[in-house]
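Structure at a glance
Each chain, letter by letter, is given below.
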Amino acid sequence: MGVDGEFLHCELVANEFLSTEWHLDSSQEQAMQDRGWSSARPNWSQDVPRADARSVAAEILSALREVYRVDVKHLQPHGPTA
């Protein structure tokens, strides 16, 4: 996330930077667009008011769970657990 004045610039990684087994298919990409993420490259992005930081953090976790199909309980600060 980046900060630009009153807005946060948030990104989730796009297929270009994901290993093949993690690529989003067309229905997952549509789900990202339906959630308000911009498909502008290189990554999925949203600019949100700083006041909405808590809700965008929840949206990022939700997208990881529901769109990327990541089981977030297995994530650690240094990556997935073995």
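Report follows, based on the coordinates. (Residues numbered from 1 in each chain as written. Predicted model: local features only at pLDDT ≥ 70, side-chain atom pairs only at ≥ 80, totals over all residues. Heavy atoms only, no water.)

Re the nonpolar core
As a reminder, the rule being used: Remark: nonpolar core denotes a set of buried residues (Ala, Val, Leu, Ile, Met, Phe, Trp, Tyr, Cys) joined through side-chain atoms within 4.5 Å. Working definition: with a 1.4 Å probe on protein chains only, accessible area under 20% of the residue-type maximum means buried, over 50% means exposed, and in between means partly exposed. Think of it this way: any DSSP run of H or I at least four residues long counts as a helix, any run of E at least two long counts as a strand, and we number them from the N terminus. Should any heavy atoms of two residues lie within 4.5 Å, those residues are considered in contact.
Counting 17 residues, the largest nonpolar core has Cys-10, Leu-12, Met-32, Trp-37, Trp-44 and Tyr-68 as its most contacted members. Residue assignment for this core shows that the elements contributing at least two residues are strand 2 (7-12), strand 3 (44-49) and helix 2 (53-66). Ranked by residue count, the leading element in this core is helix 2, at 4 residues. Ignoring sequence-local partners within four residues, the contact set of Tyr-68 consists of Leu-12, Val-13, Leu-18, Trp-22, Leu-24, Gln-28, Met-32, Trp-44 and Ala-63.

Points about the side chain of Ser-62
In this fold, Ser-62 is placed in helix 2. If we ignore the near neighbours within four places in the chain, the residues touching Ser-62 are Arg-35 and Val-67.

Details of the pairing of strand 2
The test is simple: DSSP bridges decide pairing: two strands pair if at least two such bridges lie between them.
The alternating pattern of strand 2 places Leu-8, Cys-10 and Leu-12 on a buried face, while none of Phe-7, His-9 and Glu-11, on the opposite face, is buried. Pairing analysis gives 6 bridges linking strand 2 to strand 3, with the strands arranged antiparallel. Across the sheet, Leu-8 pairs through a bridge with Val-48, a residue of strand 3.

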